[in-house]
Amino acid sequence: MSWTLHGDGRTIAEGDVVRPGERLSWPRTIGFGGQHVVAMFGATFLVPLLTGFPPSTTLFFSGVGTILFLLLTGNRLPSYLGSSFAFIAPIQASMQSDDMAAALFGLVVTGLLLAAVGALVIVTGTRWIEVLMPPVVTGAIIALIGLNLSGAATDNYKSAPWIATITLATIIVVAVAFRGLIARLSILIGVVVGYIAAAIGGELDFSAVGDAAWIGWPEFTSPSITWSVVPMFLPVVLVLVAENVGHVRSVAHLTEDPSLNQKTGPALLADGLATSIAGMGGGSATTTYGENIGVMTATRVFSTAAYWVAAIVAIALGMSPKFGALLNTIPSGVLGGVTVALYGLIGLIGVKIWMDNHVDFTQPINQYTAAIALIIGIGDLTLSAGDMTFTGIALGTIAAVVVFHSMRLLQRLRA
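Residues numbered from 1 in each chain as written. Predicted model: local features only at pLDDT ≥ 70, side-chain atom pairs only at ≥ 80, totals over all residues. Heavy atoms only, no water.

**Thoughts on the overall build of the protein chain**
The following threshold applies: Numbering goes from the N terminus for both helices and strands, where a helix is a DSSP run of H or I of at least four residues and a strand is a run of E of at least two. In this description the radius of gyration comes from C-alpha coordinates, and the expected globular size is given by 2.2 Å times residues to the power 0.38. Relative accessibility under 20% of the residue-type maximum defines a buried residue, over 50% an exposed one, and the middle range a partly exposed one, all with a 1.4 Å probe and only protein chains included. The contact criterion used throughout is that any non-hydrogen atoms of two residues lie within 4.5 Å. Per-residue and other accessible areas were derived by the Shrake-Rupley procedure at a 1.4 Å probe size, with only the shown protein chains allowed to occlude residues. For the purpose of counting charges, residues Lys and Arg are taken to be positive, whereas Asp and Glu are taken to be negative. His and the chain ends are not included. Lysine's charge is taken at NZ, arginine's at CZ, aspartate's at CG and glutamate's at CD.
The helix and strand inventory of the protein chain stands at 20 helices and 6 strands. Its C-alpha atoms give the protein chain a radius of gyration of 21 Å, within 12% of the compact-globule value 22 Å for 415 residues. Structurally, the protein chain occupies a C-alpha span of about 65 × 55 × 45 Å along its principal axes. By the burial criterion, 55% of the 415 residues in the protein chain qualify as buried. Long-range pairs, those at least 24 residues apart, make up 81% of the contacts in the protein chain between residues at least 6 apart in sequence. Accessible surface, the protein chain as shown: approximately 17400 Å² in total, 67% of it carbon and sulfur. Of the charged side chains in the protein chain, 17 are positive and 21 negative, and the gap between their average positions amounts to 12 Å.

**Things to note about helix 16 (residues 304-318)**
At 3.6 residues per turn, the α-helix brings residues three or four places apart onto the same side. Keep this limit in mind: Expected helix span is given by 1.5 Å per residue-to-residue step, counting one fewer step than there are residues. Under this definition, polar contacts are N or O atom pairs within 3.5 Å; protein pairs additionally need one hydrogen-donor-capable and one acceptor-capable atom, and for neighbouring residues in sequence, both atoms have to be side-chain atoms.
Taking 1.5 Å per residue as the helical rise, helix 16 with its 15 residues ought to reach 21 Å, and the 21 Å between its terminal C-alpha atoms agrees with that figure. Of all 15 residues in helix 16, 11 are buried, a share of seventy percent or more. Considered for burial, the residues of helix 16 that qualify are Thr304, Ala305, Ala306, Tyr307, Trp308, Val309, Ala310, Ala311, Ala314, Ile315 and Gly318. Between the side-chain oxygen of the N-cap and the backbone nitrogen of alanine 305 there are 3.1 Å, and the N-cap of helix 16 in question is serine 303.

**Side note on the confidence of the model for the protein chain**
Filter applied, for reference: Per residue, pLDDT measures the predictor's confidence, with a range of 0 to 100.
In this model, the protein chain carries an average pLDDT of 88, and 99% of its residues clear a pLDDT of 70 or more. Confidence, read as mean pLDDT per element, is least for helix 9 (residues 180-184) in the protein chain (70) and greatest for helix 14 (residues 264-281) (96).

**With respect to the packing of aromatic side chains**
What counts is decided by this rule: Pairing of aromatic rings covers Phe, Tyr and Trp, the last counted by its six-membered ring, and requires centre-to-centre distances within 6.5 Å; plane angles under 30 degrees mean stacked, over 60 mean edge-to-face, and any other angle means tilted. Cation placement over rings: the criterion is NZ of Lys or CZ of Arg within 6 Å of the ring centroid and within 35° of the ring normal.
Under the criterion given, the structure shown has 9 aromatic pairs. Taken together through their ring pairs, the aromatic side chains of Phe60, Phe61, Trp217 and Phe220 make up a single cluster. Above the face of the tryptophan 214 ring, lysine 322 is positioned so that its terminal group lies 5.1 Å from the ring centre.

**Comments concerning the pattern of salt bridges**
Rule in force here: Salt bridge, as applied in this entry: a Lys or Arg side-chain nitrogen positioned within 4 Å of an Asp or Glu carboxyl oxygen.
Overall, the coordinates contain 6 salt bridges when judged by the stated rule. Of the charged contacts, one joins arginine 76 and aspartate 257 as a salt bridge, the two residues approaching to 3.3 Å between their closest N and O atoms. With arginine 76 in the loop between helix 2 (55-72) and strand 3 (81-83) and aspartate 257 in the loop between helix 13 (236-254) and helix 14, this pair connects stretches of sequence that are 181 residues apart. Overall, arginine 76 belongs to the partly exposed group, its relative accessible area being 31%.

**Let's talk about the nonpolar core**
Filter applied, for reference: The nonpolar core is taken to be a set of buried Ala, Val, Leu, Ile, Met, Phe, Trp, Tyr and Cys residues, with the residues joined through side-chain atoms within 4.5 Å.
Residues Phe85 and Val241 are the most contacted members of the largest nonpolar core, which totals 106 residues. Not counting the four nearest positions on each side in its chain, valine 241 is found in contact with Leu114, Val117, Ile129, Met133 and Leu268. In terms of nonpolar packing, the next biggest core, distinct from the first, is built from 5 residues, Val18, Leu24, Phe32 and Val301 among them.

**Quick notes on unusual backbone geometry**
Positive phi values are uncommon outside glycine, yet asparagine 75 reaches one of about 60 degrees. The backbone of aspartate 380 shows a phi angle near 55 degrees, a positive value even though the residue is not glycine.

**Some points on the packing of helix 6 (residues 135-148) against helix 19 (residues 364-378)**
Formally: Between N-to-C directions, angles cover 0 to 180 degrees, with each direction set by a line fitted to C-alpha atoms, over the stretch in contact for helices. Any angle between 65 and 115 degrees counts as roughly perpendicular, while under 35 counts as roughly parallel, over 145 as roughly antiparallel, and the rest as oblique. Crossings are assigned a handedness: left-handed for a near helix turned anticlockwise from the far helix by less than a right angle, right-handed for a clockwise turn. Note on residue categories: nonpolar means Ala, Val, Leu, Ile, Met, Phe, Trp, Tyr, Cys or Pro, charged means Asp, Glu, Lys or Arg, and polar means any other residue, Gly included.
Look at helix 6 against helix 19: their axes get within 9 Å of each other, and the N-to-C directions meet at 20 degrees. Put simply, helix 6 runs roughly parallel to helix 19. The handedness of the crossing between helix 6 and helix 19 comes out as right-handed. On helix 19, the residues that touch Val136, Val137, Ala140, Ala143, Leu144, Leu147 and Asn148 of helix 6 are Asn366, Thr369, Ala370, Ala373, Leu374, Gly377 and Ile378. Looking at side-chain class alone, the contact of helix 6 with helix 19 contains 10 nonpolar, 4 polar and no charged residues.

Laid out in structure tokens, this is it:
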């Protein structure tokens, strides 16, 4: 919980970085922490709006989770734990078949499993993860999770097409016309512009905002033990593993400190526990945020002190019911414009993994692994076994792993 002052605390020399164990002066550190709040905010509050969870509760637990993450990684690994988009589809499916309490149970179980993976990695290292999930498998899983949500995006879009179009157009323009932090905040700016358009059109209802208190505890909800929803959530563990491993490697590379890769196990453990804690109280599941890596890359400030500031601000925002009620006034048309772009971008992350790792799609093993998983996921093939329901995401994930390793085994036997 201590940081050394970087230089004079005011300036960063050309080519230098502020490392995780360093900080600038506290006023500047608070300013950088504020940037991290802005960077994470758009995505973090959007997930509960799309799933029906309370936004204030999600912000509260994202702050709590970030503090837990910093503590368990020895205050050496800078990261903000924001809402995970990988959980949107299973949460929506479980809330349709059961209720929010059942969905929260899925979060708790998923988080505990991720924590167990983290504990295993602490003991064994990450090599087995790379063997189980090569790039073609990881890319397929992430792609199908994003594309599985396409129907929900277009449904919201159709609810108010003009508002959705204004929102989507703003996102596109900001992403192209600007650079740096503003470009990375295109989603958040799109929401703001779409919200203003909806207000001009008289589509907003502020009655709940007026009734809400300025200060108070967020809305807490306890999970209920519902094992039937668990298969919908389990594939997300693989996505969270990939996201956390990628985050640690990115920070280690950017700071030129390979020793940070040793924090992979603690990072997985921390994210798993943070997700379970959020699930116990009614918040959205968490994951390490690429948006905040973008801020660190642009500013060259990797100080964990800035993340403590961001976490405290998030907790404070979560303890304002009026703020949460205001977020709930965002209309479905705005969400439709955002999600048409956002869910597609999630899918493209999987494609980028294939490209970055030069996956050879002239090889049948890669062709069938991706093709089968994507069709199952996008078509949302759903099968039941007793009380258990396996959705397209679960079946697509299983297919990606089984098809790849089965074909690889056949290749070896043939040789």
